[in-house]
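# Descriptive structure summary
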Amino acid sequence: MLLLKNAQVWSGKGDVRADVLVDGGKIVALGTSLETSYSDVEAIDLSGKWLFPGVIDSQVHFREPGLIHKEDIATGSKAALLGGVTTFLEMPNTTPPTTSIAALGEKLAIAQKTSYVNYGFFIGATADNLHELKEARHQEGCCGIKIFLGSSTGDLLLYDEFVLREIFLQTDLPISIHSEDEERLRERVHLRDQGRHPEDHLVWRDEEVALRSTKMIVELARRCQRKIHMLHISSKSEIEFLDWHKDIVTVEVTPQHLTLAAPECYNDLGSLAQMNPPIRSAEHREALWQGVKKEVVDVIGSDHAPHTLEEKSKPYPASPSGMPGVQTLLPVMLHHLDQGRLSVPHLVSLLCERPAQIFSLANKGYIRPGYDADITIVDPCAEYVITHASMASKTGWTPYDGLKVKGGVWGVIVGGEVAMMDGKVVKAYEDHKHDVVSKISRMAMSTV
Ligand code: DOR
């Protein structure tokens, strides 16, 4: 049995000073003087530390199979662990894309052998895979359906309203949406082709590209009475629109849209700051923060989208879109916490509780007896600088290189085992992690 002693436990609405007892991969009890009631207890003193429910990153791209020169499940999940993430939900725009039960099975088999943390995979929607999307509800480890309404990395794309309607009516897995209007993107593609600087990406994929698509899909979801989850919302007008539709829509924003702003990010980082949907002006960034404050935003996901430096250094528009972020998701949000932008319970809701609820993840999202013993240990006083060199992703770079942060990940418990401590993966865990990590399972009923 493992006893986490003297930490401040943040779960639910507030914090308590309590010890947490872990056994058989589960949280067994919360309380004081627990060691006197149990024998064979190994205690770790965590005075001054915070315990968060294991962080869930509900949008990552780990590139395996097919694009493993950028990342693979082993390196992506190791970066996740070092960043305090205990469960990732991975996107289907790999090569081949994950659009069938067979392809899901392949990813699950790789993750079972190589992942450092718990995992779930999305199945991608196409114009002709409705049968697979329906079947996927029976596939353990499948966390939901992903729809790309506008083209991004890879060739998954679906914006035919008739097909979308059938998917909304005939499936019941959670649906995550990449919302950009493909027709407007095509009409204005000359802006990309004539573009010579990554900031031109923002001109091509403008606010109207995002808003038009978001209005279309939310109105369709309403007609079908279907809940949907909107990924990486980037603009003021979308936040204002989505605020009116919270009964059927949940919303994600990314740390990069909350931290970076145009034009500085393009001047400072060039194409490293290029992503879909793009990083916009400070006015949009502030509107996203207002969305967080008003709880229009439910979830912060990293949209970890690794590309090599060599690929990124091609001149725009040949440079690919996306940036790594799974390892910096929690550190960057702890930085914003230190800057007073949100409270600790709100942060725990955005990173742990709401992702577990939206994707109906069984026994995750809280530190409670009976729940999985996935716990992220935070040192609120740690001060350090994020650097390229500290990144475990194959890409070896971060858009936050040089950012001074207060508040860091001190340790991680996965499935009741000490997996990371003091910035290092624990050797014993590394050797038998395949016995510890597991695919997510979903509760029968959505609790959104
Ligand atoms: O910029 C992006 N890159 N946005 C996405 O939605 C996909 C991602 C990728 O996979 O590279």
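That block above? That's the structure.
Scope of this entry: the structure provided in the associated data block. (Residues numbered from 1 in each chain as written. Predicted model: local features only at pLDDT ≥ 70, side-chain atom pairs only at ≥ 80, totals over all residues. Heavy atoms only, no water.)

Here we take up the site of the ligand. As a structural note, the neighbourhood of the ligand is formed by 14 residues, with Arg63, Asn93, Thr153, Asn276 and Ser321 the closest of them. Between an oxygen atom of the ligand and a side-chain N or O atom of Arg63, the distance comes to 2.8 Å. Take Ser152: an N or O atom from its side chain is 3.4 Å from a nitrogen atom of the ligand. Protein contact buries 100% of the 290 Å² of open area that the ligand shows by itself. The pocket occupied by the ligand, as judged from atoms lying within 2 Å of grid points, is the largest cavity. Residues belonging to the shell around the ligand are distributed by class as follows: two nonpolar, ten polar and two charged. (Near = heavy atom within 4 Å. Polar contact = N/O pair within 3.5 Å; in protein donor to acceptor, adjacent residues only side chain to side chain. Areas by Shrake-Rupley, 256 points an atom, 1.4 Å probe, with all protein chains shown as cover. 1 Å grid on protein atoms, 1.4 Å probe; cavity = no way out; pocket = protein on both sides within 12 Å on 5 of 7 lines; lining within 4 Å. Sits in = over half its atoms within 2 Å of the grid points. Nonpolar A, V, L, I, M, F, W, Y, C, P; charged D, E, K, R; others polar.)

A few words now on helix H14 (residues 329-338). In terms of burial, H14 is largely enclosed, as nine of its ten residues are buried. Turning to H14, its buried residues number three or more, namely Leu329, Leu330, Pro331, Val332, Met333, Leu334, His335, His336 and Leu337. Two residues or fewer after H14 comes Gly340, characterised by a positive phi angle close to 80°. (Buried < 20%, exposed > 50% of the residue type's maximum accessible area, 1.4 Å probe, protein only. Helix = DSSP H or I, 4+ residues; strand = E, 2+ residues; numbered from the N terminus.)

By the secondary structure assignment, Asp374 is in the loop between helix H15 (344-358) and strand S14 (375-385). Residue classification places Asp374 among the buried positions, given a relative accessible area of 6%. Of the polar contacts made by the side chain of Asp374, one reaches the side chain of Lys364; its length is 2.7 Å. Within the structure, the side chain of Asp374 is placed 2.9 Å from the backbone nitrogen of Gly415, a separation counted as a polar contact.

Looking now at the packing of H14 against H15. Look at H14 against H15: their axes get within 11 Å of each other, and the N-to-C directions meet at 155°. Here H14 lies roughly antiparallel to H15, going by the angle between them. When the axes of H14 and H15 are compared, the crossing they make is right-handed. Only Val344, Leu347 and Leu351 of H15 make contact with H14, whose side of the interface consists of Leu329, Leu330, Met333, Leu334 and Leu337. Residues of the contact of H14 with H15, tallied by class, amount to eight nonpolar, no polar and no charged. (Axes fitted to C-alpha atoms, helices over the stretch in contact; angles between N-to-C directions. Parallel < 35°, antiparallel > 145°, perpendicular 65-115°, else oblique. Left-handed = near helix turned anticlockwise from the far one by under 90°. Contact = heavy atoms within 4.5 Å.)

A few words on unusual backbone geometry. Cis geometry marks the peptide bond from Ala262 to Pro263, where omega comes out at 5°. Locating Pro263 in the fold gives a position in the loop between helix H10 (255-259) and helix H11 (264-269). In the segment running from Asn276 into Pro277, the intervening peptide bond is cis, with an omega of -10°. Looking at where Pro277 falls in the secondary structure, it is placed in the loop between H11 and helix H12 (282-293). A positive phi angle is found at Ser33, which is not glycine, with a value near 50°. With respect to the helices and strands, Ser33 occurs in the loop between strand S3 (26-31) and strand S4 (42-45). The residue His232 is not glycine, and still its phi comes out positive at about 30°. When you line up the elements, His232 lands in the loop between strand S11 (228-230) and helix H9 (236-242). Accessibility expressed as a relative area gives 2% for His232, which makes it buried.

All right, on to empty space enclosed by the protein then. One pass over the full model with this rule turns up seven cavities of 30 Å³ or more. By volume, the largest cavity amounts to about 110 Å³. What lines the largest cavity is a set of 16 residues, among which His61, Ser152, Asn276, Asp303 and Ala305 lie closest to the centre. Tallied by class, the residues present in the lining of the largest cavity amount to three nonpolar, ten polar and three charged. Approximately 60 Å³ is the volume attributed to the second largest cavity. Every residue lining the second largest cavity is listed: Pro53, Gly54, Ile56, Thr86, Asn363, Lys364, Gly365, Tyr366, Tyr371, Asp372 and Asp374. (Points joined across faces, edges and corners; volume = space filled by probe spheres on them.)

Before going further, it helps to examine the packing of aromatic side chains. Geometry of an aromatic ring pair is reported as the spacing of the ring centres plus the angle between the planes. Summed over all chains, the structure comprises eight aromatic pairs. Each ring, one from Trp50 and one from Phe52, has its centre 6.1 Å from the other, and the planes form 20°; the classification is stacked. The exposure classification of Trp50 matches that of Phe52, with both residues buried. Grouping aromatic residues by their ring pairs yields a cluster made of Phe62, Phe88, Tyr119 and Phe121. The ring of Trp204 has Arg205 sitting right over it, with the charged end atom 4.8 Å from the ring centre. Note that Arg368 overlies the ring of Tyr366, its terminal NZ or CZ placed 3.9 Å from the centroid. (Phe/Tyr/Trp six-rings, centres within 6.5 Å; stacked < 30°, edge-to-face > 60°. Lys NZ or Arg CZ within 6 Å of the ring centre and 35° of its normal.)

A word on the pairing of strand S12 (residues 249-253). Within S12, five of the five residues are buried, which leaves the element mostly enclosed by the surrounding structure. Burial along S12 is two-sided: the residues Val249, Val251 and Val253 and Thr250 and Glu252 are all buried. Sheet analysis places S11 next to S12, joined by three bridges and oriented parallel. Bridged to His229 within S12 is Thr250. With H9 bridging S11 and the parallel S12, this β-α-β connection has right-handed handedness. (Pairing = 2+ DSSP bridges. Right-handed = clockwise from strand over helix to strand, strands pointing away.)

Limitation: the analysis is restricted to geometry and does not speak to function.
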